[in-house]
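Chains, contacts and geometry: an overview
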Amino acid sequence: MNENVYFISDVHLRLMESASEAVKEKRLFGLFDEIKHQGASLWIVGDLFDFWFEYKYVIPRRYFSVLRKLKEMTEAGCDVHILGGNHDYWLGSFISNEIGLKIHPSPIGYSIGGKSFFITHADGILKKDRWYRIMRWIFRNPVTIALFRTIHPRLAFALASKISGKSRHSSTRDAETEAQERNELITYGQARLKESYDYVITGHFHLPTVHSEGEKTIVNLGDWMKYFTFGHFNGQDFRLCYWKCEEFQQIE
Ligand SMILES: [Mn+2]
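The notes below deal with the structure included here. (Residues numbered from 1 in each chain as written. Predicted model: local features only at pLDDT ≥ 70, side-chain atom pairs only at ≥ 80, totals over all residues.)

1. Observations concerning helix α7 (residues 175-194)
Given 3.6 residues per helical turn, the α-helix brings residues three or four places apart onto the same face. Under the 1.5 Å per step criterion, the end-to-end length of α7 is 29 Å for 20 residues, consistent within 8% with the ideal 28 Å. Along α7, the residues classified as buried are Glu181, Leu185, Gly189 and Arg192. What you see down the axis of α7 is that its buried residues fit within an arc of 75 degrees, all on one side. Of the residues in α7, the exposed ones pointing more than 90 degrees away from the buried face are Glu176, Ala179, Asn183, Thr187, Ala191 and Lys194. Of the residues trailing α7, Ser196 is marked for its positive phi of about 80 degrees. (Helix = DSSP H or I, 4+ residues; strand = E, 2+ residues; numbered from the N terminus. Expected span 1.5 Å × (residues − 1). Buried ≥ 20, exposed ≤ 12 C-beta atoms within 10 Å, placed from the backbone. Arc of directions from axis to C-beta.)

Quick look at the structure:
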């Protein structure tokens with residue numbers, strides 16, 4: 001098994017083009033090229049897309065270049081895993097059959113190099129997320145999905161952009177809220193560590209975090225909107241790094 005593994009989350013590739021999206025893509029593709037070059041594995045821990053929905057005959061054209069890049073990676077033999085986040089839960093057979101990604105709709109336990117990883121997008125874990133958990137159940141219900149599919153893509157994507165804009169993680173959180181969310185995240189991680197996992201890898205919070213307890217570690221991967229962070233496990237150690245130009249730099 002490949003023990004050279006990279007983790008990213010919350011890239012939030014938007015449906016509309018912009019200068020900042022072009023910079024984000026350039027950086028992301030730099031990391032993807034490096035992973036391909038190393039023949040490493042990649043875990044995308046949710047919210048790669050700001051919104052993804054695929055139909056029998058239609059996919060969102062804006063994502064062509066990232067899909068092509070991912071296809072290059074899988075064709076080169078890289079193992080690429082993807083978890084659905086709260087923005088792109090509806091990953092389907094186009095992503096698995098045409099692009100070759102391994103889709104995980106739910107949190108998953110996975111063993112890498114003799115260490116056990118619990119990998120989750122981690123949406124809906126906060127106390128204040130009660131309303132969100134109800135909405136999530138509705139949005140992921142097969143009946144809702146079947147109904148949504150009957151809407152013309154032009155209208156469906158306009159609707160989704162609106163909802164997605166509203167649910168976007170606020171970048172205006174104050175330091176106190178951030179600290180509280182980080183604490184809740186660590187409490188959640190500690191419960192998973194007790195289930196005998198060595199690493200808990202999370203996304204969603206956009207709060208780069210490495211919290212070690214003895215040999216065990218709780219991680220939040222940060223994001224690709226503000227931090228451009230990624231996790232790297234080399235078979236023995238885990239590091240959270242940020243992608244700056246072509247260099248790897250450690251932030252913890
Ligand atoms: Mn999320």
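2. A short note on the sheet that holds strand β6 (residues 115-120)
Two modes of strand pairing occur in sheets, parallel and antiparallel, and in both the strands are linked by backbone hydrogen bonds. Strand order in the open sheet formed by five strands is β5-β6-β7-β9-β8, with mixed pairing between adjacent strands. Both outer strands of the open sheet, β5 (108-112) and β8 (209-213), are each paired with one neighbouring strand and no more. Averaged over all neighbouring strand pairs, the angle between strand axes comes to 20 degrees, with direction disregarded. As defined by bridge partners, β5 adjoins β6 across five bridges and the pair is classed as antiparallel. Considered in β6, the bridge of Ile112 is made with Lys115. (Pairing = 2+ DSSP bridges. Axes fitted to C-alpha atoms, helices over the stretch in contact; angles between N-to-C directions.)

3. Points about the nonpolar core
Counting 48 residues, the largest nonpolar core has Phe7, Ile8, Leu42, Val45 and Ile201 as the members making the most contacts within it. A total of four residues in this core trace back to one element, the largest contributor, which is strand β1 (residues 5-8). When sequence neighbours within four positions are dropped, the list of residues in contact with Val45 reads Phe7, Ile8, Ser9, Leu83, Ile119, His121, Ile201, Gly203 and Leu221. (Core = buried A, V, L, I, M, F, W, Y, C linked by C-beta atoms within 7 Å. Contact = placed C-beta atoms within 7 Å.)

4. Section: the environment of Arg192
Structurally, the position occupied by Arg192 is in helix α7. Taking the number of C-beta atoms within 10 Å as the measure of exposure, Arg192 has 20 and is therefore buried. Taking the C-alpha atoms as reference points, Arg192 and Met16, separated by 176 residues in sequence, lie 37 Å from one another. Beyond its immediate chain neighbours, meaning those up to four positions away, Arg192 contacts Phe118, Tyr197 and Val200.

5. Details of the environment of Val210
Structurally, the position occupied by Val210 is in strand β8. Considered as a pair, Val210 and Leu221 are 11 residues apart in the sequence and their alpha carbons are 8.5 Å apart.

6. Focus: the packing of helix α1 (residues 19-38) against helix α2 (residues 64-75)
Running from N to C, α1 and α2 point in directions that differ by 10 degrees, and their axes come no closer than 10 Å. As the angle between them shows, α1 and α2 are arranged roughly parallel. Counted together, Glu25, Phe29, Phe32, Ile35 and Lys36 of α1 and Ser65, Val66, Lys69, Glu72 and Met73 of α2 form the full contact between these two elements. Taken together, the residues of the contact of α1 with α2 break down into five nonpolar, one polar and four charged. (Parallel < 35°, antiparallel > 145°, perpendicular 65-115°, else oblique. Nonpolar A, V, L, I, M, F, W, Y, C, P; charged D, E, K, R; others polar.)

7. Considerations on α1
For α1, built from 20 residues, the straight-helix expectation of 28 Å at 1.5 Å per residue is met to within 8% by its first-to-last C-alpha distance of 29 Å. Those residues of α1 that are buried are in contact with β1, β2 (41-44) and α2.

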